[in-house]
Amino acid sequence: MTTSKLTEEQIVFMTRNALLAAGQEMGADDAWPVIDDTIVKIMKDWEDLKIERDVDAEMRIHLYEQLKVMEAGLAECAPDVREQAAPHIQALREACDAYFEEINPDAMAYDEEDAPDHIKRMKAILGTMEEDHE
């Protein structure tokens, strides 16, 4: 059997489905509002992340297009203006390159204590489901 790597979206929906199943197992008592709230917040986080990524993708296109225009315009500038403007344009390019560089997950620091409450609740709820089936 081959294993495939799950996408972020598959993981989000699998988590949502597991929380829905947990809510059904627990019944409609006090736990259900917490589970429902956790599902809503996780899905909201996912939608916000997708929007943020779409904005970044659009920004990348427009910023690099503008940098090309500015760099091409340097050739038309007077030498003294070119000397003043070139370092600023280069600094803008470096800032864009740094912003849009691929993230190295190994270099990221993640502290469980800084996680939002709904993520902590989700892990606790899913953790109790895992314990029952071991």
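Residues numbered from 1 in each chain as written. Predicted model: local features only at pLDDT ≥ 70, side-chain atom pairs only at ≥ 80, totals over all residues. Heavy atoms only, no water.

Below, the discussion takes up the overall build of the chain. Secondary structure assignment for the chain yields 4 helices and 0 strands. If you list the helices and strands of the chain from N to C, you get α-α-α-α. Going through the 134 residues of the chain one by one, you find that 19% of them count as buried. Surface accessibility of the chain: about 10,400 Å² in total, with carbon and sulfur atoms responsible for 57%. (Helix = DSSP H or I, 4+ residues; strand = E, 2+ residues; numbered from the N terminus. Buried < 20%, exposed > 50% of the residue type's maximum accessible area, 1.4 Å probe, protein only. Areas by Shrake-Rupley, 256 points an atom, 1.4 Å probe, with all protein chains shown as cover.)

Here we take up the pattern of salt bridges. As enumerated under the stated definition, the model contains 7 salt bridges in all. Its salt-bridge partner being D48, residue K44 comes within 2.8 Å of it at the nearest N-O pair. You can see K44 and its partner D48 sitting in helix 2 (residues 31–74), 4 residues apart, about one turn around the helix. Here K44 falls in the partly exposed class, since its relative accessible area comes to 48%. The partner of E71 in a salt bridge is R93, and the shortest N-O contact between them spans 2.7 Å. Of this pair, E71 sits in helix 2 while R93 sits in helix 3 (residues 79–100); the two residues are 22 residues apart in sequence, bridging distant segments of the chain. When its relative accessible area of 29% is taken as the criterion, E71 is described as partly exposed. One continuous salt-bridge network, built from bridges that share partners, spans D37, K41 and R121. (Salt bridge = Lys/Arg side-chain N within 4 Å of Asp/Glu carboxyl O.)

Moving on to the layout of surface pockets. Reported here for the largest pocket is a volume of approximately 670 Å³. Contributing to the lining of the largest pocket are 17 residues, with E8, I11, V12, L49 and I119 lying nearest its centre. Secondary structure elements with two or more residues in the lining of the largest pocket: helix 1 (8–26), helix 2 and helix 4 (117–132). Its residues placed into classes, the lining of the largest pocket shows 11 nonpolar, 2 polar and 4 charged. There is about 500 Å³ of room inside the second largest pocket. Taken together, E8, L49, E52, R53, D56, A57, R60, Y99, F100, E101, E102 and I103 make up the lining of the second largest pocket. Mapped by element, the contributors of at least two residues to the lining of the second largest pocket are helix 2 and helix 3. Considering every element that reaches the lining of the second largest pocket, the biggest residue donor is helix 2, with 6 residues. Taken together, the residues of the lining of the second largest pocket sort by class into 5 nonpolar, no polar and 7 charged. (1 Å grid on protein atoms, 1.4 Å probe; cavity = no way out; pocket = protein on both sides within 12 Å on 5 of 7 lines; lining within 4 Å. Points joined across faces, edges and corners; volume = space filled by probe spheres on them. Nonpolar A, V, L, I, M, F, W, Y, C, P; charged D, E, K, R; others polar.)

If you walk through the whole model with that rule in mind, you get 2 aromatic pairs. Between Y64 and F100 the ring centres are 6.0 Å apart and the planes differ by 50°, which places this aromatic pair in the tilted class. Highlighted residues: Y64 in helix 2 and F100 in helix 3, separated in sequence by 36 residues. The pair Y64 / F100 is uniform in exposure class, with both members buried. Seen from their ring centres, Y99 and F100 are 4.8 Å apart, and the 85° between their planes marks the pair as edge-to-face. Through successive ring pairs, a cluster of aromatic residues spans Y64, Y99 and F100. (Phe/Tyr/Trp six-rings, centres within 6.5 Å; stacked < 30°, edge-to-face > 60°.)

It is worth spelling out the confidence of the model for the chain at this point. Of the residues in the chain, 90% reach a pLDDT of 70 or more, and the chain-wide mean stands at 85. Confidence, expressed as mean pLDDT per element, reaches its minimum in the chain at helix 4 with 75 and its maximum at helix 3 with 95. (pLDDT = per-residue confidence, 0-100.)

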